[in-house]
Amino acid sequence: MNLLTDNPELYEHQFPDSGHVAARFVHDLVTRFDGGRDLLDVGCGTGRDAGWLSRNGYRVSGVDSSESMLAHVRKHHPEVDVTLADMRGFDLGRTFDVITCLDSAMLYCHTNADLDAFLSRCRAHLRPRGLFVAEMRNGAFFLGNTELLDGVRTRSVTWRGTEYTSHTELWIDHAAQLLRRRRTWEWGAEPLVQRSAWRLLFPQELRHLLDLAGFEVLALFDSPGPRTDQPWSANAPLSTALSGDRLHVVARLR
Ligand SMILES: C[S@@+](CC[C@H](N)C(=O)[O-])C[C@H]1O[C@@H](n2cnc3c(N)ncnc32)[C@H](O)[C@@H]1O
């Protein structure tokens, strides 16, 4: 069980994006790098980005490994064609102009073999010169920054009349190159302890993996973005300092 992926409404309540900044970010990058309008969103979650894109000129498909997320997409965004599948092994039998993978979904590929499998699935599902657009945590941010690792962060949200309080601890598993999280949820019932982990990718490691998978990196930047302090805006200059906590990449299939 995962409280947030099992409850897509709570997920959107916890991480609101009422301005559809993430979907607009995708649209601006696809426009800037001259991509097509046939798009696959891998790790599509609640489908809010896929839904916005499909209402704005894209034909959108989605892949996710959570049945409750996909049930939510089918109910709220029926125009999005979704498939229950693992990002390391999906086979939709067709190709797309653009593949997106947003909000660190790619970092659920924990091992090098997982990452290779995912990128090879992306290659197989893109037309020649198709675009890959991904947005994730930046492993390089943790070189010299401990602010996300210090202490326990407590947050409360009220959803459908119930207050949910989460206590979150993050730490780094250096050997596995993973950011690990333990989150305890309290809402009157027995506390629910949930563990997650994200692969920590360094910018040049990501570039190398994409290169080996047959992609040319067109842009690799930390800011602006949909989840950065500096908000995303169309035609904004892209910062290549790569020290921020988010990493954004646009790559083209060679
Ligand atoms: C942080 S959410 C991001 C959702 C969405 N992309 C967004 O930006 O709102 C990560 C999503 O990845 C999905 N996911 C996790 N591991 C996966 C896997 N191995 N294959 C496919 N989807 C996966 C989860 O079910 C979840 O919906």
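For every chain, the first residue of its written sequence is number 1, and the numbers climb from 1 along that sequence. Only residues with pLDDT of at least 70 get local features here, since the model is predicted, and only at 80 or more are side-chain atom pairs given and counted; chain-wide, interface and lining totals rely on the full set of residues. The basis for the side-chain values is all heavy atoms of the structure; hydrogens and waters are excluded.

## As for the sheet that holds strand β9 (residues 192-199)
Part 1 of the argument: At least two bridges found by DSSP between two strands are what make those strands a pair. What counts as a helix is a DSSP run of H or I of at least four residues, what counts as a strand is a run of E of at least two, and both are numbered from the N terminus. As summarised here, the arrangement of the four strands in space is β6-β7-β8-β9, forming an open sheet in which the pairing is antiparallel. Single-partner strands in this sheet number two, and they are β6 (153-159) and β9. Pairwise comparison of adjacent strand axes, ignoring direction, gives a mean angle of 25° for this sheet.
Part 2 of the argument: In the sheet, strand β7 (residues 162-173) pairs with strand β8 (residues 178-186) via nine bridges, with the strands oriented antiparallel. Paired with Glu169 across the two strands is Arg182, which belongs to β8. Axis lines are fitted through C-alpha atoms, for helices just across the contact stretch, and the angle between N-to-C directions can take any value from 0 to 180 degrees.

## Concerning the domain arrangement of the protein
Part 1 of the argument: Segment limits for the domains were obtained from an automatic or database-derived domain assignment. Domain boundaries assigned for the protein yield domain 1 (3-140 + 200-253) and domain 2 (142-197).
Part 2 of the argument: A separation of 23 Å is found between the C-alpha centroids of domain 1 and domain 2.
Part 3 of the argument: Contact with domain 1, which involves 19 residues of that partner, is made by 22 residues of domain 2.
Part 4 of the argument: Whenever a carboxyl oxygen of Asp or Glu lies within 4 Å of a side-chain nitrogen of Lys or Arg, that contact is scored as a salt bridge. Counting the contacts that link domain 1 with domain 2 gives one salt bridge.
Part 5 of the argument: Residue Glu9 is joined to Arg160 by a salt bridge in which the shortest nitrogen-to-oxygen separation is 3.9 Å.
Part 6 of the argument: Put simply, the parts of the chain that give the side of domain 1 that touches domain 2 at least two residues each are α1 (3-6) and α2 (8-14). By definition in these notes, contact holds between two residues if any of their heavy atoms fall within 4.5 Å.

## Describing the pattern of salt bridges
Part 1 of the argument: Here the structure, examined in full by the defined rule, presents 16 salt bridges.
Part 2 of the argument: Its salt-bridge partner being Arg180, residue Asp173 comes within 2.9 Å of it at the nearest N-O pair.
Part 3 of the argument: Across the pair Arg254 and Asp211 runs a salt bridge, and its minimum N-O distance is 2.9 Å. Of this pair, Arg254 sits in the segment after β11 (246-253) while Asp211 is found in helix α7 (residues 203-212), placing the two residues 43 residues apart along the sequence.
Part 4 of the argument: The exposure class of Asp211 is partly exposed, given its relative accessible area of 36%.
Part 5 of the argument: Here the salt bridges share partners, and the residues they tie into one network are Asp38, Arg59, Arg94, Asp97 and Arg127. Note on classification: 1.4 Å probe, protein chains only; a residue is buried when its accessible area is under 20% of the maximum for its type, exposed when over 50%, partly exposed between these limits.

## Here we look at the site of the ligand
Part 1 of the argument: Think of it this way: one heavy atom of a residue within 4 Å of a molecule or strand is enough to make that residue near it. Within the structure, the ligand sits among 19 residues, and Tyr11, Gly43, Asp64, Ser65 and Met87 are positioned closest to it.
Part 2 of the argument: Think of a polar contact as two N or O atoms within 3.5 Å of one another; within protein, one of them needs to be a possible hydrogen donor and the other a possible acceptor, and neighboring residues in sequence only count if both atoms come from side chains. Between the ligand and Gly43 there is a distance of 2.7 Å, counted from a nitrogen atom to a backbone nitrogen or oxygen.
Part 3 of the argument: One nitrogen or oxygen atom from the side chain of Asp64 is found 2.6 Å from an oxygen atom belonging to the ligand.
Part 4 of the argument: Note on residue categories: nonpolar means Ala, Val, Leu, Ile, Met, Phe, Trp, Tyr, Cys or Pro, charged means Asp, Glu, Lys or Arg, and polar means any other residue, Gly included. By residue class, the composition of the shell around the ligand is eight nonpolar, five polar and six charged.

## Remarks on the sheet that holds strand β4 (residues 96-101)
Part 1 of the argument: Strand order across the open sheet formed by seven strands is β3-β2-β1-β4-β5-β11-β10, with mixed pairing between neighbours. Edge positions in the open sheet fall to β3 (81-84) and β10 (215-221), since each of these has one partner strand only. Each strand axis lies, on average, 15° off the axis of its neighbour in the sheet, ignoring direction.
Part 2 of the argument: This element, helix α6 (residues 112-124), spans β1 (38-42), β4, β5 (126-137), β10 and β11 of the sheet and lies at about 145° to β5.

## Some remarks on unusual backbone geometry
Part 1 of the argument: Pro224 follows Ser223 through a cis peptide bond whose omega is -5°.
Part 2 of the argument: Structurally, the position occupied by Pro224 is in the loop between β10 and β11.
Part 3 of the argument: Residue Arg129 is not a glycine yet carries a positive backbone phi of 65°.
Part 4 of the argument: Its place among the elements puts Arg129 in strand β5.

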